[in-house]
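Take a look at the letters that make up each chain.
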Amino acid sequence: MTEFILETENLTKDFKGFTAVSAVNLKVRRGHIHALIGPNGAGKTTCFNLLTKFLVPTSGKILFNGRDITGAAPAQIARQGIIRSFQISAVFPHLTVLENVRVGLQRTLGTSFYFWKSGASLSQLNDRAMALLTEVDLAAFADTMTVDLPYGRKRALEIATTLGMEPELMLLDEPTQGMGHEDVDRVTALIKKVSVGRTVLMVEHNMNVIAGISDRLSVLQRGAMLAEGTYAEVSNDPQVMEAYMGTTANVLDGGPR
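Being a predicted model, the structure only gives us computed values, none of them experimental. (Residues numbered from 1 in each chain as written. Predicted model: local features only at pLDDT ≥ 70, side-chain atom pairs only at ≥ 80, totals over all residues. Heavy atoms only, no water.)

Trainee: Hey, could you go over the overall build of the chain for me, with residue numbers and the actual values?
Mentor: On a plain count of helices and strands, the chain comes out with 10 helices and 11 strands. Accessible surface, the chain as shown: approximately 12,100 Å² in total, 54% of it carbon and sulfur. (Helix = DSSP H or I, 4+ residues; strand = E, 2+ residues; numbered from the N terminus. Areas by Shrake-Rupley, 256 points an atom, 1.4 Å probe, with all protein chains shown as cover.)

As structure tokens, this is what we get:
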């Protein structure tokens, strides 16, 4: 088993003459929480889309567990254990919290597309669904309609559904975006909790979150890798300070972004 669960070699994406991601060499160490940061427009989400094959690279390679997955389709990527969340909350609002998790687990029954089957046939998934809800502190909300959940709890539900797919590598795209302080703290603690025994690569703007839980950071600017290291190393890099148009105190210590 390789030290790095995910690697890219000169990963590049061009859009009709505009280079959104330029020769990025990323190494994500197994068991780490690795943050991908950078100013707006730096290419972070494009990079995520390349890793999960929502976009096809113009050139370069993507390696997962030492295997070249550059040519794999999104479904193949997911089956290999790379599971992604998105910036926008993606849950079924008019199902209960428990039912949402069961939808994610239904794939294990091989009945994902048999919508005419009785809901009772899914009851065998209840124990596993409740275990996942307990893991993300949502067991008390199992019978709640998802539309009635606070936003932070919906993000926690997404993580539960993601865990149901048994990811080896979780890609979290702005997991605390749009949250108040209390929800940010709750979701940050949750990411730290569920990362045990897994690897997490996340795009995140909140530097307090990154400082608190990240093992390593990669900084993008204009699609290219600008710096990489621990939070302490990156926060003292003059190039990173300049990229954020401020000082360490203004930006990387939780100030204006």
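On we go.
Trainee: I'd like a description of helix α6 (residues 181-194), backed by residues and values.
Mentor: An α-helix turns once per 3.6 residues; consequently, residues spaced three or four apart project the same way. Here α6 contains 14 residues, and its C-alpha end-to-end distance of 20 Å stays within 8% of the 20 Å for a straight helix at 1.5 Å per residue. Along α6, the residues that are buried comprise Asp183, Val184, Val187, Thr188, Leu190, Ile191 and Val194. Seen along its axis, α6 keeps its buried residues to an arc of 160°; they face one direction. α6 presents His181 and Glu182 as exposed residues on the side facing more than 90 degrees away from its buried surface. Looking at the buried side of α6, the elements it contacts are β4 (33-37), α4 (126-135), α5 (151-164), β8 (169-173), β9 (199-203) and α7 (207-213). (Expected span 1.5 Å × (residues − 1). Buried < 20%, exposed > 50% of the residue type's maximum accessible area, 1.4 Å probe, protein only. Arc of directions from axis to C-beta. Contact = heavy atoms within 4.5 Å.)

Trainee: Can you lay out the environment of Val200 for me, pointing to particular residues and giving the numbers?
Mentor: Relative to the helices and strands, Val200 resides in strand β9. Judged by relative accessible area, Val200 falls into the buried class, the value being 1%. A C-alpha to C-alpha distance of 9.2 Å links Val200 and Ser214, two positions 14 residues apart in sequence. In contact with Val200, other than residues within four places in its own chain, are His32, Ile33, His34, Leu169, Met170, Leu172, Ile191 and Ser195.

Trainee: Describe the sheet that holds strand β10 (residues 216-221), with residues and values.
Mentor: In space, the 6 strands of this open sheet follow the order β7-β8-β9-β4-β10-β11, with mixed pairing throughout. The open sheet has two edge strands with one neighbour each: β7 (82-84) and β11 (224-229). Along the sheet, successive strands turn relative to each other by an average axial angle of 20°, direction set aside. (Pairing = 2+ DSSP bridges. Axes fitted to C-alpha atoms, helices over the stretch in contact; angles between N-to-C directions.)

Trainee: Give a description of the packing of helix α3 (residues 97-105) against α4 that names residues and reports values.
Mentor: Helix-helix packing is characterised by the crossing angle of the two axes and by the distance between the axes. The N-to-C vectors of α3 and α4 enclose an angle of 115°; their axes lie 9 Å apart at closest approach. Between α3 and α4, the angle falls in the class roughly perpendicular. Like other packed secondary-structure pairs, α3 and α4 cross with a definite hand, here right-handed. For the pair α3 and α4, contact is made by Val97, Leu98, Val101, Arg102 and Leu105 and by Asn126, Arg128, Ala129, Met130, Leu132 and Leu133, respectively. Split by residue class, the contact of α3 with α4 holds 8 nonpolar, 1 polar and 2 charged. (Parallel < 35°, antiparallel > 145°, perpendicular 65-115°, else oblique. Left-handed = near helix turned anticlockwise from the far one by under 90°. Nonpolar A, V, L, I, M, F, W, Y, C, P; charged D, E, K, R; others polar.)

Trainee: Outline the nonpolar core, listing residues and values.
Mentor: Counting 44 residues, the largest nonpolar core has Leu133, Ile191 and Met202 as the members making the most contacts within it. Formed by 24 residues, the second largest nonpolar core is a distinct cluster that contains Ile5, Leu6, Ala42 and Leu169. (Core = buried A, V, L, I, M, F, W, Y, C linked by side-chain atoms within 4.5 Å.)

Trainee: So, empty space enclosed by the protein: which residues are in play, and what are the values?
Mentor: Using the criterion set out here, one finds 1 cavity of 30 Å³ or more in the structure. The computed volume of the largest cavity comes to approximately 40 Å³. Ser85, Arg155, Glu158, Ile159, Thr162, Leu172 and Pro175 together form the lining of the largest cavity. The greatest single-element share of the lining of the largest cavity, amounting to 4 residues, is contributed by α5. When grouped by side-chain class, the residues that make up the lining of the largest cavity number 3 nonpolar, 2 polar and 2 charged. (1 Å grid on protein atoms, 1.4 Å probe; cavity = no way out; pocket = protein on both sides within 12 Å on 5 of 7 lines; lining within 4 Å. Points joined across faces, edges and corners; volume = space filled by probe spheres on them.)

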